[in-house]
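Overview (structure and organization)
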Amino acid sequence: MKNTESSLKRFGQYALRHWQLYLMVSLPVIVLFIFAYAPMYGVILAFKNYQVSKGIWGSPWAENCGMNNFIRFFNNYNFKECLGNTLILSFYSMLVSIPTAILLALSLNYAKNLRFRKTVQMVSYCPYFISTVVFVGIINLLMDTRIGVIGKFVYEKFGVSVLGSAGLFPSLYVWSGVWQGVGFCSIIYIAALAGVDMEQHEAAIIDGATLLQRIKYVDIPAILPTVVIMLILNMGSVLNIGYEKVLAMQNQNNVSASEVITTYAYKVSLVSTFPDYSYSTAIGLFQSLIGLVLILVTNKIADKLTGNGFL
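Every chain is numbered independently, its residues counted from 1 as its sequence is written. The model is predicted, so local features are restricted to residues of pLDDT at least 70 and side-chain atom pairs to those at 80 or more, both for listing and for counting; the totals for chains, interfaces and linings are taken over all residues. Based on all heavy atoms of the structure, the side-chain values leave hydrogens and waters out of the count.

Moving on, we get to the packing of aromatic side chains. Each Phe, Tyr or Trp ring, with Trp reduced to its six-membered ring, pairs with another whose centre is within 6.5 Å; inter-plane angles below 30 degrees give stacked pairs, above 60 give edge-to-face pairs, and intermediate values give tilted ones. Counting across every chain of the model gives 18 aromatic pairs. Here Tyr 50 and Tyr 277 contribute two aromatic rings whose centre-to-centre distance is 6.2 Å and whose plane-to-plane angle is 75°, an arrangement assigned as edge-to-face. Of this pair, Tyr 50 sits in the loop between helix H2 (19–37) and helix H3 (55–58) while Tyr 277 sits in helix H15 (residues 277–305), and the two are 227 residues apart along the sequence. Exposure classes here rest on a 1.4 Å probe applied to the protein chains alone. A residue is buried below 20% of its type maximum, exposed above 50%, and partly exposed in between. Judged by relative accessible area, Tyr 277 falls into the partly exposed class, the value being 34%. Looking at Arg 72, its charged tip hangs above the ring of Tyr 279, at a distance of 4.2 Å from the centre. Secondary structure elements follow DSSP: runs of H or I no shorter than four residues count as helices, runs of E no shorter than two count as strands, and numbering proceeds from the N terminus. Consider the ring centre and the ring normal. A charge sits over the ring if Lys NZ or Arg CZ is within 6 Å of that centre and within 35 degrees of that normal.

Quick look at the packing of helix H5 (residues 79–109) against helix H6 (residues 114–125) now. Where helices are involved, their axes are fitted lines through C-alpha atoms of the stretch in contact, as for all axes, and angles between N-to-C directions lie from 0 to 180°. Closest axis-to-axis distance for the H5/H6 pair is 10 Å, and the angle between their directions is 155°. One way to sum up the angle between H5 and H6 is to call them roughly antiparallel. The handedness of the crossing between H5 and H6 is left-handed. Two secondary-structure elements touch here, H5 through Leu 104, Leu 108 and Asn 109 and H6 through Arg 117, Val 120, Gln 121 and Ser 124. When its residues are assigned to classes, the contact of H5 with H6 shows 3 nonpolar, 3 polar and 1 charged. An angle below 35 degrees is treated as roughly parallel, one above 145 as roughly antiparallel, one from 65 to 115 as roughly perpendicular, and anything else as oblique. In this scheme the crossing of two helices becomes right-handed for a clockwise turn of the near helix relative to the far one and left-handed for an anticlockwise turn of less than a right angle. It only takes one pair of heavy atoms within 4.5 Å for two residues to be counted as in contact. Charged residues are taken to be Asp, Glu, Lys and Arg, nonpolar residues to be Ala, Val, Leu, Ile, Met, Phe, Trp, Tyr, Cys and Pro, and polar residues to be all remaining types, Gly included.

With that out of the way, let us pick up helix H11 (residues 211–235). What the bend at a residue measures is the angle between two axes, fitted to the seven residues ending there and to the seven starting there. Within H11, the axis deviates most sharply at Ile 220, by approximately 45°, and proline Pro 221 lies no more than four positions further along. Of the positions making up H11, those classed as buried are Arg 214, Ile 215, Val 218, Asp 219, Ile 223, Thr 226, Val 227, Val 228, Ile 232 and Met 235.

Another point: the confidence of the model for the chain. The predictor's confidence in any single residue is recorded as pLDDT, a number from 0 to 100. Of the residues in the chain, 91% reach a pLDDT of 70 or more, and the chain-wide mean stands at 85. Per-element averaging of pLDDT across the chain places helix H1 (residues 2–17) at the bottom with 57 and H5 at the top with 92.

Right, let's get into the nonpolar core. Among buried residues, those of type Ala, Val, Leu, Ile, Met, Phe, Trp, Tyr and Cys that are joined through side-chain atoms within 4.5 Å constitute a nonpolar core. Counting residues in each nonpolar core, the largest one holds 35 residues, and the members touching the most others are Leu 89, Ile 102, Phe 169, Leu 172, Tyr 173 and Tyr 189. Secondary structure elements with two or more residues in this core: H5, helix H7 (132–143), helix H9 (169–194), H11 and helix H12 (243–249). When residues in this core are grouped by element, the largest group, 9 residues, is from H5. With 18 residues, the next largest nonpolar core counts Ala 46, Tyr 279, Ala 282 and Leu 285 among its residues.

Salt bridges are defined as contacts in which a side-chain nitrogen from Lys or Arg sits within 4 Å of a carboxyl oxygen from Asp or Glu. This model, assessed by the stated rule, comprises 3 salt bridges. Note that Lys 267 is salt-bridged to Glu 259, the shortest N-O span being 3.2 Å. Look at Lys 267 and you get partly exposed, because its relative accessible area is 25%. Note on Glu 259: relative accessible area 8%, which makes it buried.

Right, let's get into the packing of H5 against H11. For the pair H5 and H11, the least separation of the axes is 11 Å and the interaxial angle reads 145°. Both H5 and H11 take part in a crossing whose hand is right-handed. Facing Phe 91, Met 94, Ile 98, Ile 102 and Leu 106 of H5, the residues of H11 in contact are Ile 215, Asp 219, Ile 220, Ile 223, Val 227, Leu 231, Asn 234 and Met 235.

Turning next to the state of the cysteines. Two cysteine sulfurs form a disulfide in these notes if their separation is within 2.5 Å. Following the criterion strictly, the structure yields 0 disulfides and no others. The structure places no disulfide on Cys 185, whose sulfur is separated from the nearest cysteine sulfur, that of Cys 126, by 15 Å. Among the residues examined, Cys 185 registers a relative accessible area of 38% and is labelled partly exposed.

Now for the side chain of Ser 278. Among the secondary structure elements, Ser 278 is positioned in helix H15. A distance of 2.9 Å separates the side chain of Ser 278 from the backbone nitrogen of Tyr 50, its partner in a polar contact. N or O atoms closer than or at 3.5 Å make up a polar contact, with two conditions inside protein: a donor-capable atom paired with an acceptor-capable one, and, for residues adjacent in sequence, both atoms drawn from side chains.

Now the structure itself:
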């Protein structure tokens, strides 16, 4: 009994001394629960025929054991088109953005002029902080067939409207995204390069290694774990490509290449004359589940091949 009382007393004294630490930890946990876990209650909508007057729990369950909304989406006439466009934009973006960010980080890492390096960093970071609507407005001005510097030239030389061409939309979307985000994305690789042991570079120089050989045999292996982690995280958002930029760049001429899953879900839930919240929730849940599966599979493959998985 005495041992129990003394233990409780010591615990109380410890809690009083560290109440500030508990408070600091509890606030982020509460915020995370409110904004990340509590909204998951709405996932039930994906399995119901939601009626506003009856609420979430009062609404009847969907047909086919609650899976009717998913079946509707898979049987939709433009499901294949939306899925194909989403995969093309996602994988195209990853194949371009990751190597360009690494290339920029390596270039800045070996830049000898400090002022030049800081200037390039500042210039490459700036577009990332421009809002999506303003950025798309800049693209429209540059690609306009009448007044755009690039668009007018392409239209006069090749007779092609860049903004109205479905075939050019993926490249326009991806490379404009590189222009906007390559500087910001390179930060993590610059940080990884800063942690490379300089003794390895010195040993490579003594052995007569060229700059490219040092990059290949010293820098790339050092940042490979970071690259693998970024690839795994990006795989989770393959189907969750941001709809804001796509929707702002979309028009009647390029809709066959710009209609992705997120824009379709936005239209059926908020733009439609008769919003179908259950249907759009099912689409969102489908995207999240596929993203989770892709993260787990990619992590497993990366762990087997390189030993750099994080789960």
